[in-house]
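A structural walkthrough
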Amino acid sequence: MSGPLVGVVNAGSSSLKFALYEAERRVLSGAVDGIGTRRPRARAAEAGGAELAPPLPDPPPATPGEAVTALLPWLRDWLGGRRIAAIGHRVVHGGVRHTRPTLVTPGLLDELEALVPLAPLHEPHNLAPIRAVLTLDPAIPQVACFDTAFHRTMPEVEQAYALPLALHEAGIRRYGFHGLSYEHIASVLPERAPGIAGGRVVAAHLGNGASACAMRAGVSVATTMGFTALDGLPMGTRCGDLDPGVVLHLLRQAGMDARAVEDLLYRRSGMLGLSGGVSSDFRDLLASEDPRAAFAVEVFCHRAARHVASLAGALGGLDGLVFTAGVGENAAPVRAAICRACAWLGVELDEAANAAHGPRISAPGSRVEARVVPTDENRVIVRHTLALVGG
Ligand code: ADP
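Counting of residues starts from 1 at the beginning of each chain's written sequence and follows it residue by residue. For a predicted model such as this one, the threshold for reporting local features is a pLDDT of at least 70, and the threshold for listing and counting side-chain atom pairs is 80 or more; totals across whole chains, interfaces and linings nevertheless cover every residue. Hydrogens are left out, water is left out, and the side-chain values use all remaining heavy atoms of the structure.

Within an unreviewed UniProt entry, the label attached to the chain reads Acetate kinase, and the organism entered is Craurococcus roseus. UniProt positions are given in the numbering used here, feature names are shortened, and annotations may be inferred rather than shown by experiment. Database annotation for the chain, UniProt heading Subcellular location (unreviewed entry): "Cytoplasm".

Shown next, in the form of structure tokens:
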């Protein structure tokens, strides 16, 4: 091996995903799942495909920060004396100020810590591994890559909720998420789809979390997620857009407290809730014969198509429609339903191309070019990390 090694860390509430890149080539990837449960599991795979099982200590790590510390001895062994040149982290929230990835300093960490109230379910987990590395090896440069940064180009009218202006100024506004994924899409479109890259494109990141973004020449002008990653499209277990009156009703009339409502909206709604508990996973839903599973998928596609239209409105028209992430890249029936519902916007689906997952899924004469473009958030993180540490 040669060239600098860059680590990528993506930490959530119960999992820590990590990868090592040599330049832009992934040489190792892995994850610790089930953090906080009694039996977390660690797995890893080398680029060649060799499966590894990093051991976890007893007691096992209870937080993503502890998971970093727990993995370290194994990682040192694997590295065999090579040094990690830098680590890039996916950080969900960069607030209003951070419009690009930023080199981590203790000052930046304090600033990001102040954003925790804006993303209490994600930000602490993203920051813990950064602190852990800072403690273990302060000499390793670290870069925070924000999911909100790509959307800071959205005009103020797009960011504003119709609440008292003072709240807008206090930071209660549409931030938007999945920015690293959209940045990847924007970066590859000029090569893969030069006909639409400079135009009006809606990109739909349909995964466990789902959102869509309106881009003009690769720049975000509107997006479906808002103040939190709960807004917009329905998701695996999250509700997507919802009349705020429902929340008030649940608090007042149904006797739920904030924690119970949070659990309902984040973990028991979306596809899982709508399907009556069949699954949050589109593979299960599409394979199920339960009519409630079909209903959940139908609601998802309907809402996704409505959002595509709304974003096309923000763009003043539509030239391209891009599908990405787990569902967007793999679920042909979902793409087909969304494209059919967008026929009036000029999307003409090529059924065979769609069944083959594209890359181009619109018919040759289609006014709107529809495509499948695989996302790669890690690559964006690696590129930014190398750029900032001078690799
Ligand atoms: P995350 O938001 O966790 O990164 P992914 O982008 O990996 O999620 O997307 C996960 C979703 O993609 C799941 O609902 C899964 O069912 C769906 N998915 C993955 N592969 C397929 C497939 N072959 N057909 C249908 N859905 C798929």
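There's more to say after this.
1. Section: helix α12 (residues 291-315)
Think of an α-helix as 3.6 residues a turn; residues three or four steps apart then line up on the same face. The first and last C-alpha atoms of α12 sit 36 Å apart over 25 residues, in line with the 36 Å expected at 1.5 Å per residue. Any pair of N or O atoms that falls within 3.5 Å is considered a polar contact. Within protein, one atom must be able to donate a hydrogen and the other to accept it, and sequence-neighbouring residues count only if both atoms are side-chain atoms. Each helix is a run of DSSP H or I of at least 4 residues and each strand a run of E of at least 2, with the numbering of both proceeding from the N terminus. Structurally, the start of α12 carries an N-cap: the backbone nitrogen of Arg292 is 2.8 Å from a side-chain oxygen of Asp290. Multiply 1.5 Å by the residue count of a helix minus one, and that product is the helix's expected span.

2. What about the environment of Leu136?
Relative to the elements of secondary structure, Leu136 occurs in helix α3 (residues 123-136). The buried label goes to any residue with under 20% of its type's maximum accessible area, the exposed label to any with over 50%, and the partly exposed label to all in between, with areas taken from a 1.4 Å probe on protein chains only. Judged by relative accessible area, Leu136 falls into the partly exposed class, the value being 36%. Expressed as a C-alpha distance, the spacing of Leu136 and Arg83, which sit 53 residues apart in the sequence, is 14 Å. Apart from residues lying up to four places away in sequence, Leu136 is in contact with Val68, Thr69 and Leu72. Contacts are residue-level and defined by heavy atoms, with any inter-residue pair within 4.5 Å sufficient.

3. Concerning the pairing of strand β8 (residues 142-146)
Within a regular strand, side chains alternate between the sheet's two faces. Summarising burial for β8: 5 of the 5 residues are buried, a large majority. A two-sided burial pattern is seen for β8, the buried positions comprising Gln142, Ala144 and Phe146 on one face and Val143 and Cys145 on the other. Paired strands, as defined in this entry, are two strands with at least two bridges between them according to DSSP. Sheet topology note: the strand β6 (residues 84-91)/β8 ladder contains 5 bridges and is parallel. Across the sheet, Val91 pairs through a bridge with Phe146, a residue of β8. Bridge count between strand β7 (residues 102-103) and β8: 2 bridges; the pairing is antiparallel. Residue pairing across strands places Leu103 opposite Val143, the latter belonging to β8.

4. Let's talk about the nonpolar core
Core analysis: the largest hydrophobic core is formed by 61 residues, its most contacted members being Leu206, Leu321, Val334 and Ile338. At 12 residues, α12 tops the list of elements feeding residues into this core. What Val334 contacts, discounting residues up to four positions off in sequence, is Leu206, Phe282, Leu286, Val297, Phe300, Cys301 and Val327. Counting residues in hydrophobic clusters, the runner-up holds 23 residues, among them Leu28, Trp74, Leu75 and Ile84. Here, nonpolar core refers to any group of buried Ala, Val, Leu, Ile, Met, Phe, Trp, Tyr and Cys residues whose side-chain atoms link them within 4.5 Å.

5. Thoughts on the packing of aromatic side chains
Where two aromatic rings form a pair, the distance of their centres and the angle of their planes describe that pair. Planes of paired rings set the category: under 30 degrees apart is stacked, over 60 is edge-to-face and the rest tilted, where pairs are Phe, Tyr or Trp rings (Trp by its six-membered ring) whose centres lie within 6.5 Å. Under the definition given, this model contains 3 aromatic pairs. When the centroid spacing of 6.4 Å and the interplanar angle of 70° are considered together, the rings of Phe18 and Trp74 count as edge-to-face. Of this pair, Phe18 sits in strand β2 (residues 16-22) while Trp74 sits in helix α1 (residues 64-79), placing them 56 residues apart in sequence. Taking 4.8 Å as the distance between ring centres and 65° as the angle between the ring planes, the aromatic pair formed by Phe282 and Phe300 counts as edge-to-face. Residue Phe282 is found in helix α11 (residues 282-287), and its partner Phe300 is found in helix α12; the two are separated by 18 residues along the sequence. Taken individually, Phe282 and Phe300 each receive the classification buried, so the pair is uniform in this respect.

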